[in-house]
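Coordinate analysis (summary)
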Amino acid sequence: NAGVTQTPKFRVLKTGQSMTLLCAQDMNHEYMYWYRQDPGMGLRLIHYSVGEGTTAKGEVPDGYNVSRLKKQNFLLGLESAAPSQTSVYFCASSYAGSETQYFGPGTRLLVL
Amino acid sequence: EDQVTQSPEALRLQEGESSSLNCSYTVSGLRGLFWYRQDPGKGPEFLFTLYSAGEEKEKERLKATLTKKESFLHITAPKPEDSATYLCAVGLSSGSARQLTFGSGTQLTVLP
């Protein structure tokens, strides 16, 4: 039981490049979330999903897109990376009836 | 505007020196108050959920309490392995899909 896993662990991009971050969970959770964490600002919600095929915007969605084609996977895409998107990205998941969110180990992204 | 503020930003303790971390919140409707622990380079790990004023929960050397305006995380006789960043988060009754709003954390260092 791996819990929540994230790929890749670290990535360097040039401004304007695109990439996709992958989150996978093996706990059969209905809800999945993408956060970014920046120094002094805490975790901020980017997008979330309440089930396969559904997504919704969080607090800071601009510049990001998401997809949830399978229940166990939640993808975060950056179409045209900007230096302001340099951050650590965390994925989390939870059961529909629970408040507890389980987090992955994070992806560190540097945009030059 | 809903806000979550944690203090202090950083705290250094000697091993065995008890202390408390504070999480104050101003929200329109509280669904729950959550405490997480985050080790360097890792994702947050769930500790406690508190739902109503007066509620307390304990785990080893940690005890979390909740009032109508703030929560405290009391650390009794800490050990070096308690060193981590402690995050609090609030779930809002007006929010959807179990959204959490996080504070910026307290970085705790316990010296041997």
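As the structure is a computational prediction, the values presented were derived from the model and not from experiment. (Residues numbered from 1 in each chain as written. Chains lettered and ligands numbered in written order. Predicted model: local features only at pLDDT ≥ 70, side-chain atom pairs only at ≥ 80, totals over all residues. Heavy atoms only, no water.)

All names here are of chain A. Within the secondary structure, His47 sits in strand β5 (residues 42–51). On the basis of relative accessibility, which here comes to 6%, the residue His47 falls in the buried class. Looking at His47, its side chain comes within polar contact range of the main-chain oxygen of Tyr64, at 3.3 Å. Other than its neighbours up to four places away in sequence, His47 contacts Tyr33, Trp34, Ala56, Lys57, Gly58, Pro61, Tyr64, Asn65, Val66 and Phe74. (Helix = DSSP H or I, 4+ residues; strand = E, 2+ residues; numbered from the N terminus. Buried < 20%, exposed > 50% of the residue type's maximum accessible area, 1.4 Å probe, protein only. Polar contact = N/O pair within 3.5 Å; in protein donor to acceptor, adjacent residues only side chain to side chain. Contact = heavy atoms within 4.5 Å.)

This brings us to the sheet that holds strand β7 (residues 65–67) of chain A. For sheets, the rule is that strands pair by backbone hydrogen bonds, running either parallel or antiparallel. Residues and elements named next belong to chain A. One open sheet holds the 4 strands; their spatial order is β1-β3-β8-β7, and the pairing between them is antiparallel. With partners counted over all chains shown, the strands left at the sheet margins are β1 (4–7) and β7, one partner each. Neighbour-to-neighbour, the strand axes of the sheet open up by a mean angle of 20°, direction not taken into account. Pairing geometry for strand β3 (residues 19–25) and strand β8 (residues 73–78), over 6 bridges, is antiparallel. (Pairing = 2+ DSSP bridges. Axes fitted to C-alpha atoms, helices over the stretch in contact; angles between N-to-C directions.)

All chains considered together, the criterion is met by 6 salt bridges over all chains. Between Arg36(A) and Asp38(A) there is a salt bridge; the shortest N-O distance is 2.9 Å. Judged by its relative accessible area of 11%, Asp38(A) falls in the buried class. A salt bridge links Arg37(B) to Asp39(B); the shortest N-O distance between them is 3.0 Å. (Salt bridge = Lys/Arg side-chain N within 4 Å of Asp/Glu carboxyl O.)

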